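Residue-level structure breakdown
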Amino acid sequence: MSLKLSLHTKPDVPLEADVICPDKLNGVNETAIAALTVFHGNDQTALGDFFTVKGQCDGEIQLEGDLANVKHLGSEMTIGKMIIEGDVGQHLGACMSGGEIVVEGNAHDWVAPEMTGGKITIKGNAGHLIGSAYRGSPIGMQGGEIIIHGDVKNETGNTMRGGLIAIGGNTGDFTGVNMLAGTIIVLGEMGIRNGASMKRGTIISMHHAPMIPTFSYVCTYNPTYLRMYLSYIRKLGMEVSDEQINGNYKRWIGDAIELNKGEILLYANE
Amino acid sequence: MSENIKIVKNATCTFCGCVCDDMELTVDLDEKRIIKAKNACVLGRAWFAEHTIGDWPVAMIDGKEVSKEEAIEETAQTLVKAKFPIIYGLSDTTCEAQRQAVAISDIIRGTIDTTTSVCHGPSGLAFQGVGESTMSLGEVKNRADLVIYWGGNPAASHPRHFTRYTVTPKGMFIPNGRKDRTVVLVDIRKTPSAPVADLFIQVKPGKDFEVLWALRALVKGKNIDPSIEEETGVSLATLEDLVDKMKNCRYGVLFFGMGLTMTRGRHFNSGAIMALTTDLNEFTHFVTKPVRGHGNVTGADNVLSWQTGYPFGVNFNRGYPRFNPGEFTTVDTLSRGDADAAMFIASDPASNFPKVAIEHMKKIPVISLDTKQTETSNLAHVAFATSTYGINTGGTVYRMDDVPITMRSAFDSPYPDDEEILTAIKKRVQELVWAKQGIKIAVGEARVA
Ligand code: SF4
């Protein structure tokens, strides 16, 4: 039987609930879960003050209610599954290394910063800095998958070094900035200054995008690995057409200021 | 003019980040005002002239005059009760007062942020990400033979920057002053600063990053496509000429302003200019510096960094400092409706914040400390009137190049200074928090501020 947490009192200020994570709740009984610590602003209170706890966690947690102001859910998660019915606040799945999180609504900024493994799916939109490095940190996301069906804002995959980010909608500016390695697929349009300072890694978009002056055009081609990637995300429910899977892509390389080994692939048959 | 005149030599002007400390003030002690400020620029003269002693009460609660003690008690109770209290402002007060504000936010486990977050906050982020090759303004005066201003208009905002530090003064290795220096101005329009420059480069609005990036590439010997002109409005030849100047100077400096930090790209724009400076150090000595606005905003960065480890947007909710601009910066905590109490020190966010932030301010208890009545003090639950730093209060301020300068007061004010009020608030919140913790936390765990 899975564990169900339903929000009964909406927090007035941000609620930091990093205890809500299968690793920490597996096998714990209802009363003990309700007594676990959460931070309501600066007030250290109990999880039960906000959530009704029902069942026991056998690896799966279901969350209900408007969690837009609830932060740090699934922090450092390594196993299990979390299903979030509505919207969710910042720092979802921060530093997670395994397991799966599914969000039916929208997510806020900082989805899965510095993630090393596992999978996050967001059916709605998300904010800035998806899969990024925390400020001052040298490496962002290193592995795992982030699948977002809607739009996102700026700095997607800032300093990422591995893994896959797939965005169904549009991205803001500086997608893949400082990227070290890894893959970002954007089915919608990208903002400006994508891939600035990137060393390696791949950014793919289905639309034309403005290039910064330190990127240069190389060729138009049809790479095999891309077909596999696109077929994979289509299987996950993203809208990818046959033309896109079989089509040609313009390859730009950069950033010349850095190693010049990063690539941006733009769908050529648009 | 009365007979009771006092001359204050080597006084300090704190209106802008230049913090000129060579003022000669003539004070009319009967009328309690400064009648002359020798050496000050227009802005400095206005600053000294407008700070007379007002006649509003020292403390008010909901618009009614109360004693200072009552107001301090109400402030402390409000702050301790709040779950997400924020403290903001701090750029126009002394480092001594800033220190007390940090202590208060630590005790109440609040969030502290300064006006840096709405001016050069992006530069703060870039310092952390890219690093800063820095200097003092004295070095610029004595050594710089190439001075570049990017996205700023010091002739209007920092009138004595050119004459005191960067363009006209003669220095140890710049014996002929202006003649020995090359001055370049880069901006999106011709400003009053342009006539000072030998070379003015006009960039299309919002294209600073692209120009800086192209310069970085050229400095590193990479090719840039001539189509750069169409995109940015600056020809390849101009860029190559500028790179030539930069590589071949003896000591170059890049000053940048809010034209860079507050336009699209923000911290990446500041980061680009800092990275360009780093690149240039392969060839010659090159430094960079943001041209900071308010008198002691640099001090606010320094005090916060020194006490919490981070320059702005610091949160203590969990008992230890965390830094995350966008999450803990004041515009965001107000716009999202996170904050449930706010204390504004020497700043008037109600007049310049986005509308949704101001709307939220009206819903929560606000405490304001200011030298004059402002829109913020008008909507405040508790409003303190304090004396003006550098005029009625001594203390320490930091010049924009992180050089601390000690100020003296020119004449006394009947109002208390920010430090005095904040120290009293700190003492009271500490007592209240200890009383609260006595119930919730076992003895021995209580933190001592
Ligand atoms: S330049 Fe700035 S600090 Fe100097 S006198 Fe003018 S306003 Fe005051």
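Scroll up a little and you will see the structure.
Here goes a summary of the coordinates provided.

What follows concerns the sheet that holds strand β1 (residues 5-11) of chain B. Residues and elements named next belong to chain B. A sheet is described by the order of its strands in space; here 3 strands give the open sequence β1-β2-β3, paired in antiparallel fashion. Here the strands that pair on one side only, and so sit at the sheet edges, are β1 and β3 (33-38). Strand-to-strand twist in this sheet, taken as the mean axis angle between neighbours without regard to direction, amounts to 25°. Alignment of strand β2 (residues 23-28) against β3, held across 5 bridges, turns out to be antiparallel. Within β3, the residue paired with Asp28 across the bridge is Arg33.

All names here are of chain B. Relative to the helices and strands, Leu369 is located in strand β16 (residues 366-370). The class for Leu369 is buried, based on a relative accessible area of 0%. Here the alpha-carbon distance between Leu369 and Gly151, two residues 218 residues apart in the chain, equals 32 Å. Excluding anything up to four places from it in sequence, Leu369 contacts Met343, Phe344, Ile345, Ala346, Phe384, Thr386, Asp418, Ile421 and Leu422.

This part covers helix α10 (residues 236-248) of chain B. Residue and element names in this part refer to chain B. When the terminal C-alpha atoms of α10 are compared, their 18 Å separation across 13 residues agrees well with the 18 Å that a helix rising 1.5 Å per residue should span. Considered for burial, the residues of α10 that qualify are Leu236, Leu239, Leu242, Val243 and Met246. Looking down the long axis of α10, one finds its buried residues gathered within 125° of arc, a one-sided arrangement. Facing away from the buried side of α10, by more than 90 degrees, are the exposed residues Ala237 and Asn248.

A few words now on the side chain of B:Arg181. All names here are of chain B. For Arg181, the position within the fold is in the loop between α7 (161-166) and β9 (182-187). Of the side chains with opposite charge, Asp180 comes closest to the buried, unpaired Arg181, at an N-O distance of 7.7 Å. In this structure the side chain of Arg181 is engaged in a polar contact, spanning 3.0 Å, whose partner is the backbone oxygen of Ala144. There is a polar contact of 2.9 Å between the side chain of Arg181 and the backbone oxygen of Val167.

What follows concerns the site of the ligand. Looking at the ligand, the residues that line it are B:Cys13, B:Phe15, B:Cys16, B:Cys18, B:Val19, B:Cys20, B:Met23, B:Cys41, B:Leu43, B:Gly44 and B:Arg160. For the shell around the ligand, the class distribution of residues is 9 nonpolar, 1 polar and 1 charged.

Another point: the side chain of A:Lys71. Its place among the elements puts A:Lys71 in strand β7 (residues 70-71). Here B:Glu327 takes part through its side chain, which lies 2.7 Å from a polar atom of the side chain of A:Lys71.

Here we come to the sheet that holds strand β12 (residues 285-290) of chain B. Sheets are built from strands that pair by backbone hydrogen bonding, the pairs being arranged parallel or antiparallel. All names here are of chain B. Pairing in this open sheet of 5 strands is parallel, and the strands run β10-β9-β8-β11-β12 from one edge to the other. Edge positions in the sheet fall to β10 (199-202) and β12, since each of these pairs with one other strand and no more. Here the average twist between neighbouring strands, direction ignored, is 15°. In this sheet, β12 lies alongside strand β11 (residues 251-256) in parallel orientation, the contact comprising 6 bridges. Following the sheet pairing, Phe256 is matched in β12 by Pro290.

What follows concerns the interface of chain A and chain B. Contact residues are listed per partner, giving 37 residues for chain A and 39 residues for chain B. Summing both partners gives a buried area of about 3,000 Å² for chain A against chain B, and 50% of it is carried by carbon and sulfur. If you sort the residues of chain A by the area they bury against chain B, A:Asn42, A:Arg193 and A:Ile257 come out on top, with a joint share of 23%. In this assembly, chain A and chain B are joined by 6 salt bridges. The salt bridge partner of B:Glu327 is A:Lys71, with a shortest N-O separation of 2.7 Å. The interface formed by chain A and chain B contains 17 residue pairs in polar contact (both at pLDDT 80 or more). Of the residues in the side of chain A that touches chain B, the class split is 13 nonpolar, 13 polar and 11 charged.

The rules behind each value
- Residues numbered from 1 in each chain as written.
- Chains lettered and ligands numbered in written order.
- Predicted model: local features only at pLDDT ≥ 70, side-chain atom pairs only at ≥ 80, totals over all residues.
- Heavy atoms only, no water.
- Pairing = 2+ DSSP bridges.
- Helix = DSSP H or I, 4+ residues; strand = E, 2+ residues; numbered from the N terminus.
- Axes fitted to C-alpha atoms, helices over the stretch in contact; angles between N-to-C directions.
- Buried < 20%, exposed > 50% of the residue type's maximum accessible area, 1.4 Å probe, protein only.
- Contact = heavy atoms within 4.5 Å.
- Expected span 1.5 Å × (residues − 1).
- Arc of directions from axis to C-beta.
- Lys, Arg positive; Asp, Glu negative; His and termini not counted.
- Salt bridge = Lys/Arg side-chain N within 4 Å of Asp/Glu carboxyl O.
- Polar contact = N/O pair within 3.5 Å; in protein donor to acceptor, adjacent residues only side chain to side chain.
- Near = heavy atom within 4 Å.
- Nonpolar A, V, L, I, M, F, W, Y, C, P; charged D, E, K, R; others polar.
- Buried area = accessible area lost by both parts, 1.4 Å probe.

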